[in-house]
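# Structure assessment
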Amino acid sequence: MVFNRDFNQNVGMVDGIQVNVFYADEDKDDVEAMLATANYVLPLFKDLFGEYPWDELDIISLDMGKESDLGMEYPQLIMVNTPAHSSVEAIYQTVEHETAHQWFYGAVGNDQYAEPWLDESFSTYASYVAFYETLDFSWVRKFGNKNYHLTSPVSTFTDREDEGGMGKYSDVIYDFGAKTLHDLHEKVGDELFYKGMKTYYRKMKFRVATTADFIRIMEEATNQDLTDFFREHRVFVEETM
Ligand SMILES: [Zn+2]
């Protein structure tokens, strides 16, 4: 939790959900952007993935230092490291990303170390859908290092740039992962993609999902064999049989 006796609190109601923004005086100019983003994405993500399962969402604006991460997610609580943001658009994107984590990590659990793509790729993709009018992932780098795949655990990433390759955690898990979901959306079409995402959310809510669950549910919902698609996108499932 975050404690600060000097926090102010602004309360908004969004779609029956109480949104509390806690902030210090110096962050008061960003409160409106945070509430507006919650106002926009809570109904949007409900529409795309399923109901937000709690009554409240807390948004904490705080100073973790300019060099620290932009934000952090906890169930029903997100942190926004305000000084690390250089524009109001950046605030929008962080609130969108961390709020998406309420669906992917908060409600649908996963092993964040073993299969980080199940929360980070999904939240990145959801936040891009919210932020951009049209999605373009042509800038995403190609894999050059055979050792990395989308289902690599956190521990395999060294954050060193490999020669001609893509070795950074964020390149693989955030960027390539979001692109993978975008490619899946393109492949199966809007209706089947969101049918699959909604089914995944409904079936795995309050459980610990695995990559195998996601693939199985997507294949069932779309009635398609997605083996080649996931293999080409370096989403691998360990054989446990
Ligand atoms: Zn994240």
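Residues numbered from 1 in each chain as written. Predicted model: local features only at pLDDT ≥ 70, side-chain atom pairs only at ≥ 80, totals over all residues. Heavy atoms only, no water.

## Some details on the coordination of the zinc ion
Four donors placed tetrahedrally around a metal ideally meet at 109.5 degrees, and six donors placed octahedrally ideally meet at 90 or 180 degrees. For the record, the criterion: Distances define the donors: N, O and S atoms within 2.8 Å of the metal qualify, as do those within 3.2 Å of Na, K or Ca. Water is excluded, so some sites may look unfinished. The geometry test gives tetrahedral to four donors whose angles all lie between 85 and 135 degrees, gives square planar to four donors and octahedral to six donors whose opposite members are over 155 degrees apart with all other angles between 65 and 115, and gives irregular to the rest.
The zinc ion binds to the protein through His97 (NE2), His101 (NE2), Glu120 (OE) and Glu120 (OE); the donor distances cover 2.0 to 2.7 Å. Geometry at the zinc ion is irregular, judged from its four donor atoms and the angles of 52 to 150° they form at the metal.

## Focus: the domain arrangement of the chain
Put simply, the test is: Throughout the structure description, domain borders are defined by an automatic or database domain assignment. Working rule for contacts: check all heavy atoms of both residues, and any pair within 4.5 Å makes them a contact. Accessible area that two parts lose when put together, with a 1.4 Å probe and added across both, is what the buried area reports. Here, a salt bridge means any Lys or Arg side-chain nitrogen found within 4 Å of an Asp or Glu carboxyl oxygen. Under the rule applied, a polar contact is a pair of N or O atoms within 3.5 Å (in protein, one hydrogen donor and one hydrogen acceptor; residues adjacent in sequence only if both atoms are side-chain atoms). Counting from the N terminus, the helices are DSSP H or I runs at least four residues long and the strands are E runs at least two residues long. Charged residues are taken to be Asp, Glu, Lys and Arg, nonpolar residues to be Ala, Val, Leu, Ile, Met, Phe, Trp, Tyr, Cys and Pro, and polar residues to be all remaining types, Gly included.
Taken domain by domain, the chain comprises domain 1 (8-102) and domain 2 (110-232). Placing the centre of domain 1 and that of domain 2 at their C-alpha centroids yields a distance of 23 Å. With 20 residues of domain 1 at the contact, the number on the domain 2 side is 18 residues. Between domain 1 and domain 2, roughly 1,500 Å² of surface is buried when both sides are summed, and carbon and sulfur atoms account for 63% of that area. Contact with domain 2 buries area across many residues of domain 1, yet Leu48, Phe49 and His97 alone supply 38% of it, more than any other trio. Taken together, domain 1 and domain 2 are joined by zero salt bridges. Linking domain 1 with domain 2 are seven residue pairs in polar contact (both at pLDDT 80 or more), by the criterion used here. Listing elements by their share of the side of domain 1 that touches domain 2, those giving two or more residues are helix 1 (31-49) and helix 2 (88-100). No other element matches the seven residues that helix 1 contributes to the side of domain 1 that touches domain 2. Classifying every residue of the side of domain 1 that touches domain 2 gives 11 nonpolar, four polar and five charged.

## Some remarks on the pairing of strand 1 (residues 8-14)
What counts is decided by this rule: Only when DSSP finds a minimum of two bridges between them are two strands counted as paired.
With seven bridges joining them, strand 1 and strand 2 (residues 17-23) adopt antiparallel strand pairing. Opposite Asn8, over in strand 2, you have Tyr23 as the bridge partner. Counted along the chain from strand 1 to the antiparallel partner strand 2, the turn is two residues long, and its residue Asp15 has a positive phi close to 55°.

## Observations concerning the sheet that holds strand 2
Strand pairing within a sheet occurs via backbone hydrogen bonds; the two strands may be parallel or antiparallel. Inclusion rule: Axis definition: a line fit to C-alpha positions, over the contact stretch in the case of helices; interaxial angles, taken between N-to-C directions, run 0 to 180 degrees.
Taken together, five strands build an open sheet; the order of strands is 1-2-3-5-4 and the sheet is mixed. At either end of the open sheet lies a strand with only one pairing partner, and these are strand 1 and strand 4 (71-74). On average, each strand axis in the sheet is tilted by 15° relative to the strand beside it, whichever way the strands run. Sheet analysis places strand 3 (residues 56-62) next to strand 5 (residues 77-81), joined by five bridges and oriented parallel.

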